[in-house]
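Take a look at the letters that make up each chain.
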Amino acid sequence: MPRPPSQSPQFSSVADVGKRLSTAGYLPDTQIATTVFLADRLGKPLLVEGPAGTGKTELAKALATATGSELIRLQCYEGLDEARALYEWNYKKQLLRIQASQGTDGADWDTVHDDIFGEEFLLSRPLLTAIRRTEPTVLLIDETDKADIEVEGLLLEVLSDFQVTIPELGTITATRRPMVVLTSNATRELSEALKRRCLYLALDYPSAEREREIVLSRVPDLAPGLAEQLVRTVRALRALELKKSPSISETLDWAQTLLELGLDTLDEAAVRSTLGVVLKHASDQDRAAAELRLN
Amino acid sequence: MTGVPGPAGSGGLAGHLDGFVRAIREAGIPVGISQAVDAAEILTVVDLLEREQLRHGLAAVLLQRAAQRPTYDVLFDLWWPLSDRRRTVADEADGGASDDGDEPGESTLDIPGGDDVDLAALMREQLAQLLLAGDEEALRRFAREAVEMLGRGQPSPSGQSFFSYRVLRALSPDTLVAQLLTGLLAEGDRGGLAEQVARQTIRERLTALRAAIESEVRRRTAAEKGRDKVAKNAVRPLADQVDFLRAQSGDLAELRRAVAPLARRLAVRLSARRRLGREGRLDFRKTVRASLGTGGVPVVTHHRPRKVHKPELVVLCDVSGSVAGFSHFTLMLTQALREHFTGVRAFAFVDSTDEVTRFFRPGADVVDAVQRIGREADVVGFDGHSDYGTAFEVFADRWASAVGPRTSLLVLGDGRTNYRQPGLPVLADLVRRSRSAHWLNPEPRRLWGSGDSAADRYGEVIDMVECRNAAQLAQFVTTL
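The rules we used
Residue numbering note: each chain is counted from 1, following its sequence as written. Note on labels: chains are lettered from A, ligands numbered from 1, in written order. Confidence filtering applies because this is a predicted model: local features only for residues at pLDDT of at least 70, side-chain atom pairs given and counted only at 80 or more, and all residues used for totals across whole chains, interfaces and linings. Only hydrogens and water are removed before side-chain values are computed, so all heavy atoms of the structure are retained for them. For Phe, Tyr and Trp, rings pair up if their centres lie within 6.5 Å, where Trp contributes its six-membered ring, and each pair is then called stacked (planes under 30 degrees apart), edge-to-face (over 60) or tilted (otherwise). We count a stretch as a helix when DSSP gives it H or I for four or more residues in a row; a strand needs E for two or more, and each element gets its number in order from the N terminus. Definition of nonpolar core: a set of buried residues of the types Ala, Val, Leu, Ile, Met, Phe, Trp, Tyr and Cys, connected through side-chain atoms within 4.5 Å. Only protein chains enter the accessibility calculation, which uses a 1.4 Å probe. A residue is then buried if its area is under 20% of the maximum for its type, exposed if over 50%, and partly exposed in between. Contacts are residue-level and defined by heavy atoms, with any inter-residue pair within 4.5 Å sufficient. Any Lys or Arg side-chain nitrogen located within 4 Å of an Asp or Glu carboxyl oxygen qualifies as a salt bridge. Start and end points for every domain follow an automatic or database-based domain assignment. When two parts are brought into contact, each loses some accessible area as probed by a 1.4 Å sphere; the total of that loss over both is the buried area. Lines fitted to C-alpha atoms define the axes, with helix axes restricted to the stretch in contact, and inter-axis angles between N-to-C directions lie between 0 and 180 degrees. Orientation categories follow fixed angle ranges, with anything under 35 degrees roughly parallel, anything over 145 roughly antiparallel, 65 to 115 roughly perpendicular, and all other angles oblique. Helix crossings are classified by the rotation of the near helix relative to the far one: an anticlockwise turn of less than a right angle makes the crossing left-handed, while a clockwise turn makes it right-handed. Just so you know the grouping, Ala, Val, Leu, Ile, Met, Phe, Trp, Tyr, Cys and Pro go in nonpolar, Asp, Glu, Lys and Arg go in charged, and all remaining residues, Gly too, go in polar.

## Quick notes on the packing of aromatic side chains
Residue and element names in this part refer to chain B. Per the stated rule, a full pass over the model turns up 20 aromatic pairs over all chains. An angle of 75° between the planes, with centres 6.1 Å apart, marks the rings of phenylalanine 20 and phenylalanine 76 as edge-to-face. Linking phenylalanine 20 in helix α1 (residues 12–26) with phenylalanine 76 in helix α4 (residues 69–79), this pair joins segments that are 56 residues apart in sequence. On the basis of an interplanar angle of 15° and a centroid distance of 5.8 Å, the ring pair of tyrosine 388 and tryptophan 439 is categorised as stacked.

## Observations concerning the nonpolar core
Counting 93 residues, the largest nonpolar core has A:Leu127, A:Ile141, B:Phe20, B:Leu58 and B:Leu62 as its most contacted members. Considering each element in turn, this core owes the most residues, 7 residues, to helix α2 (residues 30–42) of chain A. Beyond its immediate sequence surroundings of up to four residues, B:Leu62 is in contact with B:Phe20, B:Val21, B:Ile24, B:Ile29, B:Pro30, B:Val31, B:Gln35, B:Ala39 and B:Tyr72. Among the nonpolar cores identified, the runner-up in size contains 31 residues, and A:Val231, A:Ala236, A:Leu240 and A:Trp254 belong to it.

## Comments concerning unusual backbone geometry
Glycine aside, residues mostly have negative phi angles, and peptide bonds mostly take the trans form. Residues and elements named next belong to chain A. Notably, glutamate 143 is not glycine yet its phi reads approximately 55°, a positive angle. Tracing the backbone through its elements, the reader meets glutamate 143 in the loop between β5 (137–142) and α8 (149–161). With a relative accessible area of 23%, glutamate 143 lands in the partly exposed category. Even without being a glycine, phenylalanine 162 presents a positive backbone phi close to 50°. On the basis of relative accessible area, phenylalanine 162 is assigned to the buried category, the value being 2%.

## Digging into the pattern of salt bridges
Enumeration according to the criterion identifies 36 salt bridges over all chains in this entry. Between A:Glu88 and A:Arg125 there is a salt bridge, and its shortest N-O distance comes to 2.6 Å. Remark: A:Arg125 occurs in the loop between β4 (122–124) and α7 (126–132) and A:Glu88 occurs in strand β3 (residues 87–89); sequence separation between them is 37 residues. Here A:Glu88 falls in the buried class, since its relative accessible area comes to 17%. Each of the salt bridges in this network shares a partner with another, and the network as a whole consists of B:Arg51, B:Glu52, B:Arg55, B:Arg69, B:Asp73 and B:Asp77.

## Focus: the domain arrangement of chain A
Residues and elements named next belong to chain A. According to the domain assignment, chain A consists of domain 1 (14–79 + 134–202) and domain 2 (208–292). Distance between the C-alpha centres of domain 1 and domain 2: 30 Å. On the domain 2 side, the residues contacting the 10 residues of domain 1 number 9 residues. Both faces combined, the contact of domain 1 with domain 2 buries some 630 Å², and carbon together with sulfur accounts for 49% of it.

## Regarding the packing of helix α8 (residues 164–171) of chain B against helix α10 (residues 193–225) of chain B
Residue and element names in this part refer to chain B. Two elements in contact, α8 and α10, have axes whose closest approach is 9 Å; the angle formed by their N-to-C orientations is 140°. In terms of axis orientation, α8 runs oblique to α10. Remark: the crossing between α8 and α10 carries right-handed chirality. Here Ser164, Val167 and Leu168 of α8 lie close against α10, whose contacting residues are Arg210, Ile213, Glu214 and Val217. Considered class by class, the residues forming the contact of α8 with α10 number 4 nonpolar, 1 polar and 2 charged.

Printed below as a string of structure tokens:
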């Protein structure tokens, strides 16, 4: 298998990954740190899969901060196509160019032809932008499962060889390989071919200990005792069969809310009045109130 | 490479890895050749003395779905076991991010050579304190001690056996709950939120303890009897392979988790098909207006949106006791569909049929809905045993207009008629009137037609599909 252009790795060890991501405001566990380290070392894209709100996108952002790279983001949605993901010719401008040259003499076909398929008329979309950059780059392909199957085929070329073929310009190969992070909520199974090219990282809700650390690092003014209570309550909520389990970001929102309201303990009344911060479905709220004996 | 963790096979580290990959394949996780090659590369990159790094590193290339992880972890522990030495080199290595690493460390217990009863009581005391503190590492260490002290079976010629039930019986951690609750709760916190939260915390810690004990027993048994033997018995089927009809209550929650994304996938799939080919007829006016920007040349054409085809789905579901596990999941599927389409109608039957669509309002809870169907819906007419013939007749009679040329009909049931008449003509007529019709049967194909099963006869008038587990359900969804 041809290897993409090699370059010096960004991280020296797993512990280094952990330290630098923590500095960037993301607390990784061993699994995350190891997988990120390997993605960097082996030069493979990283596929992060897990329920909403477990910090998948956040990981990519922190990675960009930790390595001093620019984050280029391709948000996937249904109907995403080549013209939106890769590149597009600015045909309006091309047309103007042709019309502008019509009056003048000596503008023969060859010059116009070469001219309108030049750099000036190329609209670079996220994938092409990421490949052409010479500075360190983190390419985030967000919610890959939302895109159609055809987009995966497009990604295959880009992710395995880090090159893009534009018929009029030739093949553009990455001078500096971007670090690629794909995220997925697993609403559908991604194709085997795509998964095989990636390192797989399944993210789930963090352990109680790690979540407490996250809360304390993001909301430093919160009392540690309250953080402990908060995390345990969130875990109790997650154990219920809810339609949408509280995510990490919602835990953080809740911590912030408690802080703003000046509450120093999480009792029944406090939970009841702030439950809307973590549970966004009426049926979930009812269920939580019944199971946790809030009334 | 100097530090090879665990006993390497005859082929050195590479051979050992090969054996591991093969065991993973045998457990039903597909691993391609390129993945195996990548796994070998992992070995050259990670610090082999850091066991957790190796575990996560190999997982990153060998696994492709989150559901495969528990199986993988069991096999990893067998193939790369912790050594029996009390301190390993890994302990001296920089802990860093690996705060949940496995470092056996020193025994925290000071067990005198008393008899078994004393020993158990002493360890129980110790366990209670550990559970209260909630230090996972200490708990794991304790599990190892406990298996060593309490888990031994009768020595036999084939070697020493270890049993997790012996440990659990001696420690009976479930009886510690009351004591732990008192420890975790302040006075006056009883009964309310705090108690529920504390209970959940204790539940989590007990589950962790049980898992640690089981894993330790597997490790010891593997050391005594060879890991291949253990690997065969220890690996539970993946969640999507568990038989609907034989699902234990322990499997149910797991199965529900496996089915939930599937239901969502089905809904996404159906709605995707609805939105595909979004371009309909040319919108002349919009195109001309847009062309003004390019000097009157219509560079971009605009189209009217396609008329939306609304799929109508009628679900007819057997909710009798014999298929209880199965119907639960199919009702979940119905619920997921209801959230995306208005044109879904659900009917449940035992020996009479009733419409249950009203229980599946978007936002309603599936567990509640299932209970309410049992309580409120009029599905039992006579004796509470399945009667497909009557059920179909009631359905065709009372809801004659439900099935039309745009309707897809989905029948869910095992087709066991209790030797009553199967009502074939009624079903055939329903199938003829619908756009498409499928029957999902949770019984294995070879049993169709045996005993009181009329599945083979139904199969002649309707497309009958075997649907025993979540994997088969997924397969059906993709062909729909």
